Each structure stands twice: as C-alpha cells, then as structure tokens.
Amino acid sequence: MLDIKLVRTNPEYVRAGLAKRGMDTLVDDLLQLDQDRRERLTTVENLKNKRNIVSKEIGRLKAGKIDASNLIEEMKTVNDEIKRLDGEIRELEEKLNNLLLSIPNLPQDDVPVGRDEQANVEIRRWGTPPEFSFTPQPHWEIGEKLDILDFERGARLSGARFTVLKGLGARLERALINFMLDLHINQHGYTEILPPYMVNRDCMVGTGQLPKFEEDMYKVAPGDYFLIPTAEVPVTNLHREEILDVEHLPIKYVSYTACFRAEAGAAGRDTRGLIRQHQFNKVELVKLTTPETSAQEHETLVQDAEKVLQLLNLPYRVVLLSSGDMGFAASKCYDLEVWLPGFNTYREISSCSNFGDFQARRANLRFRREPEAKPEFVHTLNGSGLAVGRTVAAILENYQQADGSVVVPEILRPYMGGVAVIK
RNA sequence: GGAGAGAUGGCCGAGUGGUCGAAGGCGCACGCCUGGAGAGCGUGUAGACGUUAAAAGCGUCUCCUGGGUUCAAAUCCCAGUCUCUCCGCCA
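Enquirer: Account for the layout of surface pockets, naming residues and giving values.
Expert: Of the volumes computed, that of the second largest pocket is approximately 380 Å³. Forming the boundary of the second largest pocket are 20 residues, of which Tyr13, Asn105, Leu106, Gly356 and Asp357 lie nearest the centre. Those elements giving two or more residues to the lining of the second largest pocket turn out to be helix 10 (294–311) and helix 11 (358–363). Residue composition of the lining of the second largest pocket, grouped by class: nine nonpolar, seven polar and four charged.

Enquirer: Please give an account of the nonpolar core that cites residues and values.
Expert: Core analysis: the biggest nonpolar cluster contains 50 residues, and Leu172, Leu176, Ile395 and Leu412 have the highest contact counts within it. Ranked by residues supplied to this core, first place goes to helix 7 (residues 168–187) with eight residues. Not counting residues within four places of it along the chain, the set of residues in contact with leucine 412 comprises Leu172, Ala175, Leu176, Phe179, Leu312 and Ile395. Membership of the second largest hydrophobic core comes to 17 residues, among which are Met1, Leu18, Leu101 and Ile103.

Enquirer: Explain the packing of helix 7 against helix 12 (residues 388–398) residue by residue, including any values.
Expert: Contact pair helix 7 / helix 12: the axes reach a minimum separation of 10 Å and the direction vectors enclose 115 degrees. In this view, helix 7 runs roughly perpendicular relative to helix 12, as classed from their interaxial angle. When the axes of helix 7 and helix 12 are compared, the crossing they make is right-handed. Residue-level inspection shows Leu172, Glu173, Leu176, Ile177 and Met180 of helix 7 in contact with helix 12, the latter providing Val388, Gly389, Thr391, Val392, Ile395 and Leu396.

Enquirer: Explain the sheet that holds strand 14 (residues 366–368) to me, using residue names and the numbers behind them.
Expert: Strand order in the open sheet formed by three strands is 8-14-15, with mixed pairing between adjacent strands. The sheet terminates laterally at strand 8 (243–245) and strand 15 (376–377), the two strands that pair on one side only. Taken together, the two bridges between strand 14 and strand 15 define a ladder with antiparallel strand orientation. Counted as the bridge partner of phenylalanine 367 is glutamate 376 from strand 15.

Enquirer: Could you give an account of the protein's contact with RNA strand B, naming the residues involved and the relevant values?
Expert: Looking at RNA strand B, there are 25 residues lining it, with Arg8, Asn49, Asn52, Ser55 and Arg368 nearest. Each atom of RNA strand B within 4 Å of the protein was assigned to sugar, phosphate or base; sugar and phosphate come to 78%. Within the backbone of serine 55, one N or O atom sits 2.9 Å away from a base nitrogen of RNA strand B. For the surface near RNA strand B, the secondary-structure elements that each account for two or more residues are helix 1 (4–9), helix 3 (27–63), helix 4 (69–101) and strand 14. If you tally residues by element for the surface near RNA strand B, the top one is helix 3, at 13 residues. Residues that form the surface near RNA strand B fall into these classes: five nonpolar, six polar and 14 charged.

Enquirer: Provide a residue-level description of unusual backbone geometry, including the pertinent values.
Expert: Cis geometry marks the peptide bond from leucine 210 to proline 211, where omega comes out at 5 degrees. Looking at where proline 211 falls in the secondary structure, it is placed in the loop between helix 8 (201–207) and strand 6 (219–220). In the segment running from leucine 249 into proline 250, the intervening peptide bond is cis, with an omega of 0 degrees. Here proline 250 lies in the loop between strand 8 and strand 9 (251–260). One non-glycine residue, glutamate 241, lies in positive phi territory at about 65 degrees. Of note, glutamate 241 is situated in the loop between helix 9 (232–236) and strand 8. According to the relative accessible area criterion, glutamate 241 is partly exposed, its value standing at 48%. For asparagine 364, which is not a glycine, the phi torsion comes out positive at approximately 50 degrees. Relative to the assigned elements, asparagine 364 resides in the loop between helix 11 and strand 14.

Calculation rules
- Residues numbered from 1 in each chain as written.
- Chains lettered and ligands numbered in written order.
- Predicted model: local features only at pLDDT ≥ 70, side-chain atom pairs only at ≥ 80, totals over all residues.
- Heavy atoms only, no water.
- 1 Å grid on protein atoms, 1.4 Å probe; cavity = no way out; pocket = protein on both sides within 12 Å on 5 of 7 lines; lining within 4 Å.
- Points joined across faces, edges and corners; volume = space filled by probe spheres on them.
- Helix = DSSP H or I, 4+ residues; strand = E, 2+ residues; numbered from the N terminus.
- Nonpolar A, V, L, I, M, F, W, Y, C, P; charged D, E, K, R; others polar.
- Core = buried A, V, L, I, M, F, W, Y, C linked by side-chain atoms within 4.5 Å.
- Buried < 20%, exposed > 50% of the residue type's maximum accessible area, 1.4 Å probe, protein only.
- Contact = heavy atoms within 4.5 Å.
- Axes fitted to C-alpha atoms, helices over the stretch in contact; angles between N-to-C directions.
- Parallel < 35°, antiparallel > 145°, perpendicular 65-115°, else oblique.
- Left-handed = near helix turned anticlockwise from the far one by under 90°.
- Pairing = 2+ DSSP bridges.
- Near = heavy atom within 4 Å.
- Polar contact = N/O pair within 3.5 Å; in protein donor to acceptor, adjacent residues only side chain to side chain.

Spelled out as structure tokens, the structure:
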C-alpha cells in the first residue's frame, strides 16, 4: 500500500512512478478523497471536543445536584451532526482505502522502464547449457518413460495441471526439498518455518494477493480461508501487527510449503509438464529488514537462491524485471531463469523481490530503532529458493542421457539413498 | 459438536456508567548512590490520525472486533472472533 502522506506531499513523484507501470489516472482521485476526508475530520473532531467538555460539565453539575437539562438538549443536536459526519468520513475512508489497496507499488529508480518482459535486462549468466549427441526430450516425456511422473493419473484424481510423482520421482522431489532447506538453514543462516497452508483474508491482503487477485486464489469452503499461493503469505505475515526490536533484524526465514494457484489467466500456456501446476512445492526465502539494508539484503537473497542452482550444476541467468513485468507488490525484482534443453530456452525458476514498505504497511509490520523511538515500517523481501517442481523438470532435462535415463546431481545423492542414475 | 470461563498497556494485574488512556507491580530507559556491580531512591516509559513546512503543543480515536443505548461507556445491550477448561469425536 502506498503512503497517503507521500501522495499528498509529493503527488508528481507518485504519478511518475505509477506511469512506469502504465497507470497514472488515480493520483487525483486519491488527493480528492484525502482532502474531503480531512476537512470533515477537522470539523467532527472539534464537535467531539465540545461534547467531551460539556459532558464533564454535566457530570459536575449532576454531582452538585444542579439541573443540566438544557445542556443535555444542546448535546443531542451536536450528536446528530457528529453522527452524520462520522458516516460520511467512514464512507470516504473506505473508498480511499480500497483505492490504495488496489494500487501497485512504485518501482525503484534502477528498475528498467518498459511495458513487459521485452524490457527486462539480463544481469549475468552462470554455467554452460549442455550439448547433446541426441535430441533432448522435454521432461514430461523423460518422466513418463521412467515411470516417475504420471500426468494422466494426476488428471484422473484432480484434473488438468495436477501430477502424481512416483518412486524415484517422488524421492527426487523430497530430496530437493531437504537439500534446499539444509543449504539455507546451515549455510545461509535462515530459520525454518513450517506454516499453515490455509490463511485468513487479512494475511492475503497483507502481502498483496487481495483484494485484486481473488480469482487466482483457491478459497476453502467452510470459513473464510484461502489456500496459500506461496509460503510468502504466511511467513511474511508471521509478525504482522508487531513492533520488532531493531537488533532482531534482519529476520531470515526459509519455509517449505505446497503452493496452490488457480492460474486463472493462464489457459493454454504450459499445458504440459511440471511448469505450471495448480499445486506445487516450493522452498521460499523471506527477509524482514530495515529500509537502509534492504537493497543489500536483496542482493544476498538472490545469491542464496543462485547457490542452489550452482550446487546442482544447472545453467541459469539472472534477469532484472522491467517496471511493467514486475508483480503488483514488488519495488524491484530479479528472476532466476534455468536452462531447459527440452524447451531450448531459459525459464523462470525463482523470483526474488524487494517490496520496500509496501507489504509492511498493509500488514502493520514495524520495528523500533531505540526504546523510545517512533516505530517505522520494515522492508520485506522474498524469493524462491527454489520452485521444486521446476527444479525436477530442469534436472530431468539437463541430466538426461541417450538411453532415457537421468543422472542424479552429485550433491543430491546422499538425499536419494545413494542412487546415482534414475533408469 | 455440547457445556462453561475469559480477552485491559512490552508483561502481570486492578477497575461495573462521569476528572480513567486507565491504580499497583514487573520489565525497560535515564539520573542519583557505589571503587565497580547489585540493592535502594528519583524521573520517564502505548499507538494511529488530524492540525503544522516540521517539531513542540493541542485535539480526536483506541481497554479483542463491529454495531447499539446514553449528555457521558473499559464498565450496560447485541453480534462476531480468538483463548482456556470439561465432555464427545479424531490422525
């Protein structure tokens, strides 16, 4: 959520930022609602002040057995006016708040400006795409032939975009989850969180999924629950409504969860394979930090995610997303794209974002520098470390051999009971 | 699912209609004291919003949430959420 005070004091800056996202008509609406609200607020607060003073006077008179009925009558008309103004203010605040909740974050200054992924900037590449003496297969064909991925039965159980993992396929998924968690816990200093997979509406508003993207979320029938689309939601909201001690920052959490996405707008895209599923596994990194350190923490977050790909020896590149390609809540975002030989291209496997105070303001997530200091909003960051299903796809495609078998990356073998080849 | 109890400041806890944003204690900060520490003593310790260029000051709101009664609500009424205890069910 944008800071209404920033809109008020620096509307041109906000207008310019939103223009980079391809929207600019909202600032005037915000200013008008804000001004209307403040005008009425000043009036009604003066009336309430009067009411408080007179009420105390009435109390004194009654205590002294003196008649106060004329003052009580006067207050009745004042109360009618207060009630009317309070109603108007409530309406204006609701409009203002709804509008603010539907406006995306402003891009940081070093984010490339553009309308879509065409304007993204490649930052660096790591590794060399493997050469094959045969035509590399897409992962779904490899997985089906090895009888470790079962798309047909996934569809029978649940429908399109659901997959069953079997035997060493299931084992590989589980090995990756444990490998990633161990790496981030032991080498990168994150604390593991295993959160609920269903959260309430407040959490979804806090991280920015609601109110704008409700149609992409799975809603659970009894109660007002949502299936989490990413561990970002429960983990970022863990400290909502809290004021954290500055010496506890940065807080670094790593969390494995299943993720659930309706993919409502993705009909016809990535219909085969593991790339786009309604349910998938992900290991997520989340940081809460101070404003002055968030840019640096963002860089190290990306490096922590890259380390997974490096240890698995999977070629990838880092891309800085353009203003038009970034997610709603992000102020700056790097994607990691892994090389997929079956697609002959790089595909997103991790998205690492700095949200600034955008989510913190929604979730009322603050910290205090000194015991007596005024609370400030933290900066929140997160990134996949990594999407597990896509990592399975990347391993199958990069490590495939002419005979249809797949070599297990060395670092995973201890997690696979020593299995070196899936055949 | 049934029955009951409860929700007050960072924490504990008092407060059943009127100088209550809230006693007291703990914790924390600063000062005094001390060779130093502790004890002791003193002072101070919520947040949001509005007014302001900003601060100070002032005002409004907040005692789980949302409505209501009243000139006046932590306190009375209604609805909801959450926590705890007992019973039932259950991996």
